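Topology and contacts: notes
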Amino acid sequence: MRQLLPIRLLTGALTLVLRGLVRFYQLVPAYFFRGVCRFEPTCSRYANEALQTHGPIAGTWLTVRRICRCHPWGGLGYDPVPPLANPSGRLPAAPPSTPRPLEF
């Protein structure tokens with residue numbers, strides 16, 4: 001338990017720094033690009049929520065994946081932050097690649 005305390009403090013501090021950078025982006029550069037985001041929530045709000053929900057490492061990874069999808073041939077629409085699958089902090093598994101047949 002004593003060894004986990006410094007890791008939790010470091011993780012919390014890193015999350016605060018990253019969320020501060022996102023907030024700075026929201027206040028300064030993003031002001032000039034209002035209304036051009038393809039997704040809801042916007043990438044900066046997505047990043048803030050991902051960092052808060054998943055922590056600095058997984059939240060940054062989710063944010064980078066989301067930003068990489070933001071291009072003219074990418075998707076658009078509602079794209080929420082995935083919820084935590086279990087208390088261990090692991091992301092939920094990807095859905096199966098083949099759709100199930102319809103049952104009547």
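Values in this document were obtained by computation on a predicted structure and should not be read as measured data. (Residues numbered from 1 in each chain as written. Predicted model: local features only at pLDDT ≥ 70, side-chain atom pairs only at ≥ 80, totals over all residues. Heavy atoms only, no water.)

Looking at the side chain of H54
Secondary-structure assignment places H54 in helix 2 (residues 43-68). The class of H54 is buried, set by a relative accessible area of 11%. A polar contact of 2.6 Å, which involves the side chain of H54, links it to the backbone oxygen of P82. (Helix = DSSP H or I, 4+ residues; strand = E, 2+ residues; numbered from the N terminus. Buried < 20%, exposed > 50% of the residue type's maximum accessible area, 1.4 Å probe, protein only. Polar contact = N/O pair within 3.5 Å; in protein donor to acceptor, adjacent residues only side chain to side chain.)

A look at the layout of surface pockets
Reported here for the largest pocket is a volume of approximately 570 Å³. Along its surface, the largest pocket is lined by 22 residues, and Y25, A30, T42, C43 and S44 are the ones closest to its centre. It is helix 2 that contributes the most residues to the lining of the largest pocket, 10 residues altogether. Counted by class, the lining of the largest pocket contains 13 nonpolar, seven polar and two charged residues. (1 Å grid on protein atoms, 1.4 Å probe; cavity = no way out; pocket = protein on both sides within 12 Å on 5 of 7 lines; lining within 4 Å. Points joined across faces, edges and corners; volume = space filled by probe spheres on them. Nonpolar A, V, L, I, M, F, W, Y, C, P; charged D, E, K, R; others polar.)

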